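# Architecture and fold: a report
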Amino acid sequence: MLIQLKEINKVYRTREIETVALENVNIGIEKGEFVSIMGPSGCGKSTLLNIIGLLDKPTSGTVELDGAITGSLSDNELAAMRNRKLGFVFQSFHLIPTLNVIDNVELPLLYRKGVSGSERRRLAREVLEKVGLSHRMRHMPGQLSGGQSQRVAIARAIVGSPEIILADEPTGNLDSKMGAEVMEILHGLNRTDGKTIVMVTHNEEQARQTDRIIRFFDGRQVL
């Protein structure tokens, strides 16, 4: 099992209130699966994705990635695991507006020891070619359409050859045509490159195109 969540609970507390974001979540995801996570707004989907992505820690429970129990890792070890095993795609793209396309794509490799500047540039060119944007590598984010921006974000997510891609509403800001193009790229990464993809979505049609749907309501898994 590539991703294993056991008895995951996530509770946010202030002095006045306690909010349960996730309750008793148990999920296993095999290598090479494309899984959708669905449910109404505020049901814990993004919290779950952040926990899988090691951006947040559960209040209790165990997260295993590729056999490693992440709760026992130091902050530096978690950061290294994020950088090598995980790629992130967000609804809002999160491109740096003052950097051109290829420099945005190179960013994750800046934190990799032993990767030279020329190697970073070569890898960034390769992934931009894969998402069909090699002709836009010198453009600034403000010169791109929404669909192009998301393709750049996908290129940035895969430039370090992660095993797992975590996509949080990757088509949420796109029209249907651009959304379909982004989904086609994700399916290619899954089927051709063997990437494991976990995608949060509100789009039932897109979710049905994936291997499995995990549904949530009020922080709990539902059938």
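Look a little higher up for the structure.
Every residue gets a number counted from 1 within its own chain, in the order that chain's sequence is written. Predicted model: local features are reported for residues with pLDDT of at least 70 only, side-chain atom pairs are reported and counted for 80 or more only, and whole-chain, interface and lining totals are derived from all residues. Neither water nor hydrogens contribute to the side-chain values; these are computed over all heavy atoms in the structure.

### Quick look at the sheet that holds strand S3 (residues 34-38)
Quick reminder of the rule: In this scheme, strands are said to pair when DSSP sees at least two bridges between them. Helix numbering and strand numbering both begin at the N terminus, where a helix is a DSSP run of H or I of at least 4 residues and a strand a DSSP run of E of at least 2. An axis is simply a line fitted to the C-alpha atoms; with a helix, the fit covers only the stretch in contact. Between two such axes, the angle follows the N-to-C directions and lies from 0 to 180 degrees.
As summarised here, the arrangement of the 6 strands in space is S6-S7-S8-S3-S9-S10, forming an open sheet in which the pairing is mixed. Of all strands in the sheet, those bounded by a partner on one side alone are strand S6 (86-90) and strand S10 (220-222). Across this sheet, the average inter-strand angle for adjacent strands is 25°, counted without regard to direction. Bridge count between strand S9 (residues 212-217) and S10: 3 bridges; the pairing is antiparallel. Residue pairing in the sheet places Phe 216 in a bridge with Gln 221 of S10.

### Description of the pairing of S9
Two strands pair when backbone bridges link them, and S3 and S9 are joined in this way by 4 bridges, in the parallel orientation. In the strand pairing of S9, Ser 36 is matched with Ile 213.

### Brief notes about the nonpolar core
How we decide: Side-chain atoms within 4.5 Å are what join buried Ala, Val, Leu, Ile, Met, Phe, Trp, Tyr and Cys residues into a set we call a nonpolar core. We call a residue buried when its accessible area falls under 20% of the maximum for its residue type, exposed when it is over 50%, and partly exposed in between, using a 1.4 Å probe and counting protein chains only. In what follows, residue pairs with any heavy atoms lying within 4.5 Å of each other are defined as contacts.
By size, the foremost hydrophobic cluster in this structure holds 33 residues, and its most contacted members are Val 105, Leu 128, Val 131, Val 152, Ile 154, Leu 186 and Leu 189. Every element with two or more residues in this core is listed here: helix H3 (101-106), helix H4 (117-130), helix H5 (146-158), strand S7 (164-168), helix H6 (176-191) and strand S8 (196-200). The leading source of residues in this core is H5, at 6 residues. Ignoring anything within four residues of it in the chain, the contact list for Val 131 reads Arg 151, Ile 154, Ala 155 and Ile 185. Membership of the second largest hydrophobic core comes to 28 residues, among which are Ile 37, Ile 51, Leu 65 and Leu 166.

### Points about the pattern of salt bridges
Convention followed: Here, a salt bridge means any Lys or Arg side-chain nitrogen found within 4 Å of an Asp or Glu carboxyl oxygen.
Taken as a whole, this structure holds 17 salt bridges when the rule is applied. The partner of Lys 6 in a salt bridge is Glu 64, and the shortest N-O contact between them spans 3.3 Å. Pair noted here: Lys 6 is in strand S1 (residues 3-13) and Glu 64 is in strand S4 (residues 60-65), with a separation of 58 residues, a long-range link. For Lys 6, a relative accessible area of 37% corresponds to the partly exposed category. Where Glu 181 meets Lys 177, a salt bridge forms, and the shortest distance between an N and an O atom there is 3.0 Å.

### A word on unusual backbone geometry
Despite not being glycine, Ser 161 has its phi angle at roughly 55°, a positive value. By secondary structure assignment, the location of Ser 161 is in the loop between H5 and S7. Although it is not a glycine, Glu 169 sits at a positive phi angle of roughly 50°. Inspection of the secondary structure puts Glu 169 in the loop between S7 and H6. In this structure Glu 169 comes out as buried when scored by relative accessible area, which is 10%.

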